[in-house]
Every structure is written in structure tokens, then in C-alpha cells.
Amino acid sequence: MAMRLWASTAASYLRISVSPRGFATVVKDLKYADTHEWVKVDGNSGTIGITDHAQDHLGDVVYVELPEVGTGVKQGESFGAVESVKATSDINSPVSGKVIEVNEKLSDSPGLVNGSPYEDGWIIKVEIDDPKEMSCLMDPDQYSKFCEEEDGNH
């Protein structure tokens, strides 16, 4: 009981939520795509990565294909790939824009996507073209429910 209380307090402090049924971690101030990417908006730029749910289903990530800085990305379209011991999966952009930074650490340490999908394992940063695209994305509660329903159908 004390451990559950501690975990709940820690999750609250870190602004994350963990589904009571044990599903993946969801961060409260992010938006989520139904293809399991997240975006954190800061002004007119957005940091993009794959969700904890996605990395959990992929298994150990062994390679991340990164786009070049300056490349244009479109909402819902692939800009790279994540290769794991189980499969290779496209990474789709949750927003349209221009790549302004890539996470170079992933070249040497692709496992950051597994160990820290919302912090050290981010993939790209983009200059967002149209902030209205955010309305097409899920909030944390919607995404948690989406993952629970998806996992229930497997």
C-alpha cells in the first residue's frame, strides 16, 4: 500500500499518469496521435517522439532513422523509422512543419527511446506550420483510453 501511494505521488509530481490496469505511462501536457507519436508544443516549435506504449510494444530499439534538419514533415506522414528486435515501424509526424533539430544521441544510443521516451528519447523538433492541427490529436485521457481499447482488441 505504501509503495502504491509513493508511486502515485511520484507520478503526480512528474505530471504523468499510469493507467490503473498497468498500461503505459502517459504525460499530461502532451498531445498524442493514433499512430502512437507525441508532440510537446513550446511556442511555435514542437518536440516529437514515440510514446511509452509504442516503445513497449516494439521491444528493444536498436536503430532510429532520423530525417535531415530542414526536411519538411506533414501531419500523419512518415518521417523516419524505429527498428527494434521485433520489427521496424514508421514514425509519423503528429504535426506539419520543418525539422529544426534531430536527437543526435539516438545514433549512438537508440535505447534512449525505450528508457526515456518522453525525455532523452525524443526524436525530432519541428517548427510547426499550423497550430490548428493540434485539434486533430488526442489529449492524455483520450490517448490512455485509446491504448486500453486497442490492447483489449488484440
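Anyway, here's the lowdown on the structure attached to this text. Here the structure is a predicted model, which is why all the values come from computation and not from measurement.

With that settled, the discussion passes to the sheet that holds strand S3 (residues 31-32). The sheet built from six strands is open, its strands ordered S3-S4-S5-S11-S10-S7 with antiparallel pairing. Among the strands making up the open sheet, the edge pair consists of S3 and strand S7 (72-73). As paired strands, strand S4 (residues 37-42) and strand S5 (residues 45-50) are joined by six bridges and run antiparallel to one another. Following the sheet pairing, tryptophan 38 is matched in S5 by glycine 49.

On to the packing of aromatic side chains, then. Per the counting criterion, the structure on display carries three aromatic pairs. On the basis of an interplanar angle of 10 degrees and a centroid distance of 4.5 Å, the ring pair of tyrosine 32 and tyrosine 143 is categorised as stacked. Within this pair, whereas tyrosine 32 is found in strand S3, its partner tyrosine 143 is found in helix H5 (residues 140-152), the two being separated by 111 residues in sequence. Judged by its relative accessible area of 1%, tyrosine 143 falls in the buried class. Between the aromatic rings of tryptophan 38 and tyrosine 118, the centroid separation amounts to 5.8 Å while the plane-to-plane angle is 50 degrees, which identifies the pairing as tilted. Taken together, the residues span a long stretch of sequence, with tryptophan 38 in strand S4 and tyrosine 118 in the loop between helix H4 (112-115) and strand S11 (124-128) at a distance of 80 residues.

There is a patch of nonpolar side chains on the surface, built from Val62, Tyr63 and Val85 and spanning about 300 Å² of accessible area. Assignment of secondary structure puts valine 62 in strand S6 (residues 61-65). In this structure valine 62 comes out as partly exposed when scored by relative accessible area, which is 44%.

The next thing to look at is H5. The end-to-end C-alpha distance of H5, which contains 13 residues, comes to 18 Å, matching closely the 18 Å that a straight helix rising 1.5 Å per residue would cover. Among the residues of H5, Pro140, Tyr143, Ser144 and Cys147 are the ones counted as buried. Axial view of H5: buried residues confined to an arc of 100 degrees, hence all on one face. Opposite the buried face of H5, by more than 90 degrees, sit the exposed residues Asp141, Lys145 and Gly152. Of the surrounding elements, those touching the buried residues of H5 are strand S2 (25-27), S3 and helix H2 (52-58). Its side-chain oxygen placed 3.0 Å from the backbone nitrogen of aspartate 141, aspartate 139 serves as the N-cap of H5.

Attention now moves to the pattern of salt bridges. Taken as a whole, this structure holds one salt bridge when the rule is applied. In this structure, lysine 145 and glutamate 149 form a salt bridge, with 3.7 Å as the shortest nitrogen-oxygen distance. Here lysine 145 pairs with glutamate 149, and both are found in helix H5, just four residues apart, close to one helical turn. Here lysine 145 falls in the exposed class, since its relative accessible area comes to 53%. With relative accessibility at 43%, the residue glutamate 149 sits in the partly exposed group.

Conventions we followed
Residues numbered from 1 in each chain as written. Predicted model: local features only at pLDDT ≥ 70, side-chain atom pairs only at ≥ 80, totals over all residues. Heavy atoms only, no water. Pairing = 2+ DSSP bridges. Helix = DSSP H or I, 4+ residues; strand = E, 2+ residues; numbered from the N terminus. Phe/Tyr/Trp six-rings, centres within 6.5 Å; stacked < 30°, edge-to-face > 60°. Buried < 20%, exposed > 50% of the residue type's maximum accessible area, 1.4 Å probe, protein only. Patch = residues over 30% accessible without salt bridge, like charges linked within 9 Å, V, L, I, M, F, W, Y side chains within 5 Å. Areas by Shrake-Rupley, 256 points an atom, 1.4 Å probe, with all protein chains shown as cover. Salt bridge = Lys/Arg side-chain N within 4 Å of Asp/Glu carboxyl O. Expected span 1.5 Å × (residues − 1). Arc of directions from axis to C-beta. Contact = heavy atoms within 4.5 Å. Polar contact = N/O pair within 3.5 Å; in protein donor to acceptor, adjacent residues only side chain to side chain.

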